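# Per-entry structural report
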Amino acid sequence: MFVHPGLADRGLGLIGWAVRGRDAVQGDAIRVAERIEKGARPGAIILLHDGHAAARDPGFGPHCLELTLQRLTARGYRCIIPQSDQLRTRAGGKQKADC
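Residues numbered from 1 in each chain as written. Predicted model: local features only at pLDDT ≥ 70, side-chain atom pairs only at ≥ 80, totals over all residues. Heavy atoms only, no water.

Another point: the side chain of Glu37. Tracing the chain through its elements places Glu37 in helix α2 (residues 29-39). For Glu37, the contacting residues outside a window of four places in its chain are Arg71, Leu72 and Arg75. (Helix = DSSP H or I, 4+ residues; strand = E, 2+ residues; numbered from the N terminus. Contact = heavy atoms within 4.5 Å.)

Shown next, in the form of structure tokens:
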């Protein structure tokens, strides 16, 4: 991919997400949290944006996060920031390592 060399130069890697709340287009924090809850699976990487709606509603992003964490915690999930060895990596579209 075209971004990989630039990331590698900076010691960074590319990470994709498995579930997104669509908080950049959805203005209802409850619906954002519901969408994430429906798509959540063990090991899923969840995408939420920071600052998207900050100008019109500074509390929107934090509220989405709060509701999402409450829902996932109630279902027995715990949220972590994965270590690099916990992530699947790909080279040329083929899987190199598995979690």
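Core analysis: the largest hydrophobic core is formed by 10 residues, namely Val19, Ala29, Val32, Ala33, Ile36, Ala40, Phe60, Cys64, Leu67 and Leu72. Looking at this core, the elements that each hand over two or more residues are α2 and α3 (60-74). The contacts of Ala40, once residues within four sequence positions are left out, are Val19, Leu72, Arg75 and Tyr77. (Core = buried A, V, L, I, M, F, W, Y, C linked by side-chain atoms within 4.5 Å. Buried < 20%, exposed > 50% of the residue type's maximum accessible area, 1.4 Å probe, protein only.)

Looking only at α2, the buried set comprises Ala29, Val32, Ala33, Ile36 and Glu37. Along α2, the residues classed as buried sweep out an arc of 130° about the axis, all on the same side. In this fold, the buried residues of α2 make contact with β1 (19-20), β2 (46-47) and α3. Its side-chain oxygen 3.0 Å from the backbone nitrogen of Ile30, Asp28 forms the N-cap of α2. (Arc of directions from axis to C-beta. Polar contact = N/O pair within 3.5 Å; in protein donor to acceptor, adjacent residues only side chain to side chain.)

Quick look at the pattern of salt bridges now. Summed over all chains, the structure comprises two salt bridges. Between Arg71 and Glu34 there is a salt bridge, with the nearest N and O atoms lying 3.7 Å from each other. Taken together, the residues Arg71 in helix α3 and Glu34 in helix α2 connect sequence positions 37 residues apart. For Arg71, a relative accessible area of 26% gives the class partly exposed. In this structure, the salt-bridge partner of Glu37 is Arg71, at a minimum N-O distance of 2.7 Å. Of this pair, Glu37 sits in helix α2 while Arg71 sits in helix α3; the two residues are 34 residues apart in sequence, bridging distant segments of the chain. According to the relative accessible area criterion, Glu37 is buried, its value standing at 19%. (Salt bridge = Lys/Arg side-chain N within 4 Å of Asp/Glu carboxyl O.)

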